[in-house]
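Survey of secondary and tertiary structure
Read off the chains here:
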Amino acid sequence: MMANNAFDAMNSSAGNDMYITGGAITMSEYEQNMTPEDQKRYETLLMDEFMSAYGSDPHKGNLDFNHWLKTLNFDLLRERAQKFDDVRASNHGTQRLMRMQDGRELEDAGMLQRLAHLHTGRIEDLAEIVSTMEPATSPMQQSDFRRPPGYSGSVPGQGFPQAVGE
């Protein structure tokens, strides 16, 4: 119940601007509806996505993963996620993304935002989860949850997104 109260307070404080909380959130799928095994898989997917974003970030310079994570501009990530969704929804959007110079950055932001909707809707809350993990514990690996350019909502029987075509 305490988690619901926290989400209610967060949503109420946003007033008419629900984007602050990532939308009308009433509960966290991650905290309330996932089994411990699903939570672990979700956390592994989060780490893989953040590691992917870190690896493809042309602006990270000499920052190690943990310092990079602390310096992320979450407003910029949200803007990139929105642009990713807009481009992908347009004609030949996936192909356009592959040709765009910043297509990989947009894709990484879009995937992080989609994963955020299973928690609080905020990428910064995902970064908080990932910051408690050891980056080396989740190397990029073959798994059921790899994401190609195409992406579907959720897999039956699982509470979180899965890639299409793999």
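Here, the structure is the one placed above.
Residues numbered from 1 in each chain as written. Predicted model: local features only at pLDDT ≥ 70, side-chain atom pairs only at ≥ 80, totals over all residues. Heavy atoms only, no water.

Focus: the overall build of the protein chain
- Across its full length, the protein chain holds eight helices and two strands.
- Ordering the α and β elements of the protein chain from the N terminus gives α-α-α-α-α-α-α-α-β-β.
- For the protein chain, with 166 residues in total, the buried portion stands at 45%.
- Counting only carbon and sulfur atoms, one obtains 51% of the accessible surface of the protein chain, whose full area is about 9300 Å². (Helix = DSSP H or I, 4+ residues; strand = E, 2+ residues; numbered from the N terminus. Buried < 20%, exposed > 50% of the residue type's maximum accessible area, 1.4 Å probe, protein only. Areas by Shrake-Rupley, 256 points an atom, 1.4 Å probe, with all protein chains shown as cover.)

Side note on unusual backbone geometry
- Backbone geometry places H92, a non-glycine residue, at a positive phi of 55°.
- In this fold, H92 is placed in the loop between α5 (74-89) and α6 (93-99).
- Under the relative-accessibility criterion, H92 is labelled exposed at 57%.

Re the pattern of salt bridges
- For the coordinates displayed, the defined rule picks out nine salt bridges.
- The salt bridge partner of D75 is R78, with a shortest N-O separation of 2.7 Å. On the criterion of helical spacing, the pair formed by D75 and R78 is a turn pair, its members being three residues apart in helix α5.
- Where D108 meets R104, a salt bridge forms, and the shortest distance between an N and an O atom there is 3.5 Å. With D108 and R104 both in helix α7 (residues 103-116) and four residues apart, this pair spans about one turn of that helix.
- We classify D108 as buried; its relative accessible area is 3%.
- Bridged by salt links that share partners, the residues D75, R78, R122, E124 and D125 form one connected network. (Salt bridge = Lys/Arg side-chain N within 4 Å of Asp/Glu carboxyl O.)

Points about helix α8 (residues 123-131)
- With respect to burial, α8 is a largely interior element, seven of its nine residues being buried.
- Buried within α8 we find I123, E124, D125, L126, A127, I129 and V130.
- Those residues of α8 that are buried are in contact with α2 (29-33), α3 (36-56), α4 (65-70), α5 and α7. (Contact = heavy atoms within 4.5 Å.)

Observations regarding the nonpolar core
- In terms of nonpolar packing, the biggest core is built from 27 residues, with Y42, F50, F65, W68 and L69 touching the most fellow members.
- Secondary-structure elements contributing two or more residues to this core are α3, α4, α5, α7 and α8.
- At seven residues, the largest contribution of residues to this core is made by α3.
- In this structure W68 touches F50, A53, Y54, D57, K60 and L63, once residues within four positions along its chain are discounted.
- F84, V87, L97 and M111 belong to the second-largest nonpolar core, a separate cluster that totals five residues. (Core = buried A, V, L, I, M, F, W, Y, C linked by side-chain atoms within 4.5 Å.)

What about the packing of α5 against α8?
- In contact at an axis separation of 9 Å, α5 and α8 are set at 120° when each is read in the N-to-C sense. Each of F74, L77 and R78 in α5 lies in contact with α8, whose residues at this interface are I123, E124 and A127.
- Counted by class, the contact of α5 with α8 contains four nonpolar, no polar and two charged residues. (Axes fitted to C-alpha atoms, helices over the stretch in contact; angles between N-to-C directions. Nonpolar A, V, L, I, M, F, W, Y, C, P; charged D, E, K, R; others polar.)

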